[in-house]
Amino acid sequence: MAAAYELTRPEHRGRFQVTVYQSGWRLGGKGASGRGPADRIEEHGLHIWMGFYENAFRLLRECYAELGDDPGRRFADWRDAFSVEPAVGVMGRTAAGGWEPWIAAFAPRTGSPGDPPSARQRFTIAGYLVQIAGMVRAALASLQFEGAASPSSAAGQPFDLRSPDELAAAIAKILKYGVLTTLAGALQALALLETAFRVAAPAWFGRLRGLVEAVATAVRQLAEPLAARDSDARRLWDVIDLNLAVMTGIVRFGLATDPRGFDAIDNYELRDWLKLNGASASALDSPLMHGVYDLAFAYAGADATRPRQAASVALRGTLRMFFTWRGAFFWRMQAGMGDVVFAPFYQVLKRRGAAFRFFHRLENVRLADAAALAPGERPYVAALELAVQAEVRNGGEYRPLIDVRGLPCWPARPDFAQLAGGDRLAREGRDFESFADRRAARALTLKVGEDFDAVVLGVGLGAIPHVCGELIARDPRWREMVENLPTVATQAFQVWLREDFATLGWTDPRAVVSGYVHPFDTFADMGHLITEESWPVRPRALGYFCSALADPAPAAGDGPIERAHGPSFASDPDYAGRRRAEVRDNAIRFLARDAAALWPRATGPAGGFRWELLADPAESPAQAAAGRADGVAAGAMAASANRASGASAAAASDRAGTASTGAAYQASVAGAGLASVIVDPPAAGAQPSEARFETQYWSANVNPSDRYAQSPPGSTRFRISPLDNSYDNLTVAGDWTACGLNVGCVEAAVISGRLAAHALSGSPALDEIVGYDHP
């Protein structure tokens, strides 16, 4: 969408006629959402925008401004569609073996993502070092004074250094006179480092190595004993320890002056690199580190015992996330991502004259015959082979959006009434978003020079082996990319509850929380979305859960591509259904066994989840009221176990101890059986059982294009850039490309789309694409 948006800008004066070919009935790919029963929002995963998404917010803000003249539009401005979310959290073990959340709230910052770049946003490694030193200094002072306000003198005074000689003298003084034998001295040394990183040329940083290493050693010796005070001190120490390792490693490896930037350490696994630079074993196994891996689905084969993420990608993304955000750390969408993001983009593109061809599945990118190329002529795409999944009645145009109280939205199912033979297609159970459903109305071949001039290939990485066989066969770079840049399936579920989370025992602020047990390691309270839905009786809470989903064991004959991207199930129509049933079972077990650590009073007197808490969109108000009364009685009898104590160890599965893993933060899926299931409520007097979970929503994100692109050590060099001009009329777009951020998220996808537009048109200018050339 970002590439289409850029290419249709009015400044191009109609130079590009854009046509979008989309399988199924909706846009969004991994970010798609739909409205199901009671207009409830059904996502393919958990989607929260981050405050450093500069490119994504810029384009979306422009999009809303362009639609601003639409009368009666409920989200008239981008700020109507987003709200700030200052808190982020991780789940950690208590000394008694239970679980407790550690929530950090970030005070608002000036500005908003998408504003013109500010001086504070220093996308340089030297700029990050300044902020790391300052953060460690502030955290150390907080640890020393047990979180109380400390005297400004104790936190270290800034230095006024006018020359390298003065800096060298200050360093020598600290190292010579035993300043680092006290915490006050360590704070002063950190203040000196902060000043040095700010004023010294990066080429001078090598002379700081001795001071950096001495400070890290002293801080660990002096402050680590303070971490034993309580769990808050332990978590704060983990932050200090890990950031000391990052600062030490950047200086040791000379990353501030290396032209490769963070890519110089791409071959290192993140934890290995941090350990090499002094991080302790406890910090490397801390909830904070688990959260870093959880949010990027960074486990080999979705195996929680095999964390695997390139140090380069992890550091670049984490430093951007923590040090360059504006306004708020997180921004929550006020409806589904399809409603807030892809519906406005669709409407703007339609206004600009772009064409959309829904129900068009890409089958093959056909290259020109190499033997027919003239000397010096670059290879090019000669044709696109597609399957037309369904025809629109009377040859018309498919209208994909529905109105939900003034908000244009995507439905969770296609509108079969608009399709030729729609009644028959519905009876046959056509699943237009399932890779296994290969049925089609006809084949269509688009030819270069007749139907198109250039191609922006915007499919997910997992789909490349299925639609780009010729590219993989002819071009070693494409083959190496699909063999060495793996993807992972994801899983997610949503539960609507009759009682709010506070009543169920969650006592902390609302936050996005990672680091919990697999198969669902990430959780978010999304109750703010309930008012956007149309329930007969409004639920009181809504929870989203997600994680990675392991593929079946590779078959004996599978090659490196199948091992990297999971099985091809084109000839196995039941595969998606089996995986969906697996996710359902994972979710039921999770609620029965692990939800108690989050919501102690969601457990019944005999243990297990109180299934009557689940709200059913098919229930009448009288049925819902009766169920709520039963739930209140059950809740009154439930044991009020404190989740921070060992008594709540119903979360018995350790992170590394569960066999199945699961779901989706920045990943999602188009298809794999997304139809909601409504079951009859239990008869009067019957005890609700786990069968009631059938009224909720879950997703097994296994389609090739919906798999999440991972970044294991050594994989960055295999990514292909949208700016690559090896093919005369082909560019690529997606978070799997070499876009400068190289991690699966909305911002990476938008950067990539803008780069693809630049490759075709020269616009936008590269210096307008924030962070694409991040070191």
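Every chain's residues receive numbers from 1 upward, in the order its sequence appears when written. Given that the model is predicted, a residue must reach a pLDDT of at least 70 before its local features are reported, and side-chain atom pairs must reach 80 or more before they are shown or counted; all residues, however, enter totals for whole chains, interfaces and linings. Excluding hydrogens and water, the side-chain values take into account all heavy atoms of the structure.

### Quick notes on the overall build of the chain
Here is the rule: Segments assigned H or I by DSSP are reported as helices when at least four residues long, segments assigned E as strands when at least two residues long, and all are numbered from the N terminus. Buried means the residue's accessible area, taken with a 1.4 Å probe over protein chains only, is under 20% of the maximum for its type, while exposed means over 50%, and partly exposed covers the values in between. For this analysis, residues touch if any pair of their heavy atoms sits within 4.5 Å. Accessible areas in this description were obtained via Shrake-Rupley with a 1.4 Å probe; residue shielding takes into account the shown protein chains only.
When helices and strands are tallied, the chain shows 21 helices and 22 strands. Scored against the burial criterion, the 775 residues of the chain give a buried share of 57%. Partitioning the intrachain contacts of the chain with sequence separation of at least 6 by distance along the chain shows that 78% fall at a separation of at least 24. Accessible area of the chain: about 28700 Å², with a carbon and sulfur share of 53%.

### Describing the packing of aromatic side chains
What counts is decided by this rule: For Phe, Tyr and Trp, rings pair up if their centres lie within 6.5 Å, where Trp contributes its six-membered ring, and each pair is then called stacked (planes under 30 degrees apart), edge-to-face (over 60) or tilted (otherwise).
By the definition in use, this model includes 50 aromatic pairs. Look at Trp 49 and Phe 57: their rings are 5.0 Å apart centre to centre, the planes differ by 80°, and that puts the pair in the edge-to-face class. For the residue pair Trp 49 and Phe 57, the accessibility class agrees, reading buried in each case. Ring centres of Phe 569 and Tyr 575 lie 4.5 Å apart, and the angle between their planes is 25°; on these two criteria the pair is classed as stacked.

### Focus on the side chain of Ser 280
Put simply, the test is: Under the rule applied, a polar contact is a pair of N or O atoms within 3.5 Å (in protein, one hydrogen donor and one hydrogen acceptor; residues adjacent in sequence only if both atoms are side-chain atoms).
By the secondary structure assignment, Ser 280 is in the loop between helix H9 (270-276) and helix H10 (281-284). Of the polar contacts made by the side chain of Ser 280, one reaches the side chain of Asp 241; its length is 2.5 Å.

### Regarding the sheet that holds strand E5 (residues 82-85)
Applicable threshold: Two strands pair under a simple rule: DSSP has to find at least two bridges between them.
Taken together, three strands build an open sheet; the order of strands is E4-E8-E5 and the sheet is antiparallel. Here the strands that pair on one side only, and so sit at the sheet edges, are strand E4 (49-50) and E5. Looking at chain direction, E5 and strand E8 (residues 330-333) are connected through four bridges and run antiparallel. From the neighbouring strand, Glu 85 faces E8, where its bridge partner is Phe 330.

### Here's the deal with the pattern of salt bridges
This is how the line gets drawn: We count a salt bridge whenever a side-chain nitrogen from Lys or Arg sits within 4 Å of a carboxyl oxygen from Asp or Glu.
Within the structure shown, the criterion is met by 44 salt bridges. Residues Arg 438 and Glu 363 are paired through a salt bridge, measuring 3.1 Å at the closest nitrogen-oxygen approach. With Arg 438 in the loop between helix H14 (422-427) and strand E14 (442-447) and Glu 363 in strand E10 (residues 360-367), this residue pair connects regions lying 75 residues apart in the sequence. Overlapping salt bridges bring together Glu 6, Arg 9, Arg 58, Glu 62, Arg 754 and Glu 768 as one network.

### Regarding the packing of helix H7 (residues 209-223) against helix H8 (residues 231-252)
Any two packed helices are characterised by the angle at which their axes cross and by the distance between the axes. We count it as follows: Between N-to-C directions, angles cover 0 to 180 degrees, with each direction set by a line fitted to C-alpha atoms, over the stretch in contact for helices. To sort the angles, those under 35 degrees are grouped as roughly parallel, those over 145 as roughly antiparallel, those from 65 to 115 as roughly perpendicular, and the leftovers as oblique. Note on convention: the crossing is left-handed when the near helix lies turned anticlockwise from the far helix by less than a right angle, right-handed when the turn is clockwise.
Running from N to C, H7 and H8 point in directions that differ by 165°, and their axes come no closer than 9 Å. One way to sum up the angle between H7 and H8 is to call them roughly antiparallel. Considering only the axes of H7 and H8, their crossing is left-handed. Across the interface between the two elements, Arg 209, Val 212, Glu 213, Ala 216, Val 219, Arg 220 and Ala 223 from H7 touch Trp 237, Ile 240, Asp 241, Leu 244, Ala 245, Met 247, Thr 248, Val 251 and Arg 252 from H8.

### Here we look at the nonpolar core
Going by this rule: For the purposes of this section, nonpolar cores are sets of buried Ala, Val, Leu, Ile, Met, Phe, Trp, Tyr and Cys residues that join through side-chain atoms within 4.5 Å.
Trp 49, Phe 82, Phe 197, Met 247 and Leu 274 are the most contacted members of the largest nonpolar core, which totals 161 residues. With twelve residues, helix H4 (residues 125-144) is the largest single contributor of residues to this core. Counting 42 residues, the second largest nonpolar core, distinct from the first, contains Tyr 516, Phe 569, Phe 609 and Ala 700.

### Here's the deal with the pairing of strand E11 (residues 381-388)
For E11, the buried fraction is high: seven of the eight residues fall into the buried class. Bridge analysis of E10 against E11 gives seven bridges, and the strand direction is antiparallel. Note on E11: the bridge partner recorded for His 360 is Val 388. Both E11 and E14 contribute to a ladder of six bridges, which runs antiparallel. Paired with Ala 383 across the two strands is Lys 447, which belongs to E14.

### Section: the packing of helix H2 (residues 54-66) against helix H21 (residues 746-761)
Counted only if it meets this: Note on residue categories: nonpolar means Ala, Val, Leu, Ile, Met, Phe, Trp, Tyr, Cys or Pro, charged means Asp, Glu, Lys or Arg, and polar means any other residue, Gly included.
It is the contact of H2 with H21, at a shortest axis distance of 7 Å, that shows an interaxial angle of 70°. By the angle class used here, H2 and H21 are roughly perpendicular. Of the residues in H21, those in contact with Glu 54, Asn 55, Ala 56, Arg 58 and Leu 59 of H2 are Val 746, Glu 747, Val 750, Ile 751 and Arg 754. Looking at the contact of H2 with H21 residue by residue, the class counts come to five nonpolar, one polar and four charged.

### Section: the state of the cysteines
Stated formally: For this text, the term disulfide refers to a pair of cysteine sulfurs within 2.5 Å.
Within the structure shown, the criterion is met by zero disulfides. Of all cysteine sulfurs, the one in Cys 739 lies closest to Cys 745, which takes part in no disulfide; the gap is 7.5 Å.

### Description of helix H13 (residues 337-351)
Using the following cut-off: Here the expected span of a helix is defined as 1.5 Å times the quantity of residues minus one. Think of it this way: the bend at a residue is just the angle between two axes, each fitted to seven residues, one set ending at that residue and the other starting at it.
End to end, H13 covers 21 Å across 15 residues, agreeing with the expected 21 Å (1.5 Å per residue, within 8%). Along H13, the sharpest kink reaches roughly 30°, centred on Ala 343 and followed within four residues by the proline Pro 344. Taking burial as the measure, the 15 residues of H13 include 13 buried ones, the bulk of the element.

### Some remarks on the sheet that holds E11
Taken in spatial order, the three strands of this open sheet run E10-E11-E14, and their pairing is antiparallel. Each edge of the sheet is formed by a strand with only one pairing partner; in this case those strands are E10 and E14. Looking at each pair of strands side by side, their axes are set apart by 20° on average, direction ignored.

### Things to note about the confidence of the model for the chain
Put simply, the rule reads: For every residue, the pLDDT score states the predictor's confidence, bounded by 0 at the bottom and 100 at the top.
For the chain, per-residue confidence averages 89 on the pLDDT scale, and 89% of positions sit at 70 or higher. In the model, residues 148-154 has pLDDT below 50 throughout and makes seven contacts with residues more than four positions away in sequence or in other chains.

### Focus on the pairing of strand E6 (residues 87-93)
Most of E6 is tucked away, with six of its seven residues classed as buried. Both E6 and strand E7 (residues 99-105) contribute to a ladder of seven bridges, which runs antiparallel. Residue pairing in the sheet places Arg 93 in a bridge with Trp 99 of E7. Turn length for the E6-E7 hairpin, with the two strands adjacent in sequence and antiparallel, is five residues, and the turn residue Gly 97 shows positive phi of about 95°. Here E6 pairs with strand E17 (residues 512-514) via three bridges, running parallel. Looking at E17, one finds that Val 88 is bridged to Val 512.

### Describing unusual backbone geometry
Following His 518, the chain continues to Pro 519 via a peptide bond in cis, the omega torsion being 20°. Relative to the helices and strands, Pro 519 resides in the loop between E17 and strand E18 (522-525). Omega for the bond connecting Ser 763 with Pro 764 falls within 30 degrees of zero, at 0°, which places this linkage in the cis form. Looking at where Pro 764 falls in the secondary structure, it is placed in the segment after H21. In this structure, Asp 39 is a non-glycine residue whose phi angle is positive, near 55°. Within the secondary structure, Asp 39 sits in the loop between strand E2 (33-35) and strand E3 (41-43). Of note, the phi angle at Asn 394 is positive, near 55°, even though the residue is not glycine. Note on placement: Asn 394 falls in the loop between E11 and strand E12 (402-404).

### Focus on the environment of Thr 531
Positionally, Thr 531 belongs in the loop between E18 and strand E19 (541-549). With relative accessibility at 45%, the residue Thr 531 sits in the partly exposed group. Separated by 491 residues in sequence, Thr 531 and Arg 40 place their C-alpha atoms 9.6 Å apart. Residues in contact with Thr 531, not counting those within four places in the same chain, are Arg 405 and Arg 538. Of note is the side chain of Thr 531, whose polar atom sits 3.5 Å from the backbone oxygen of His 528.

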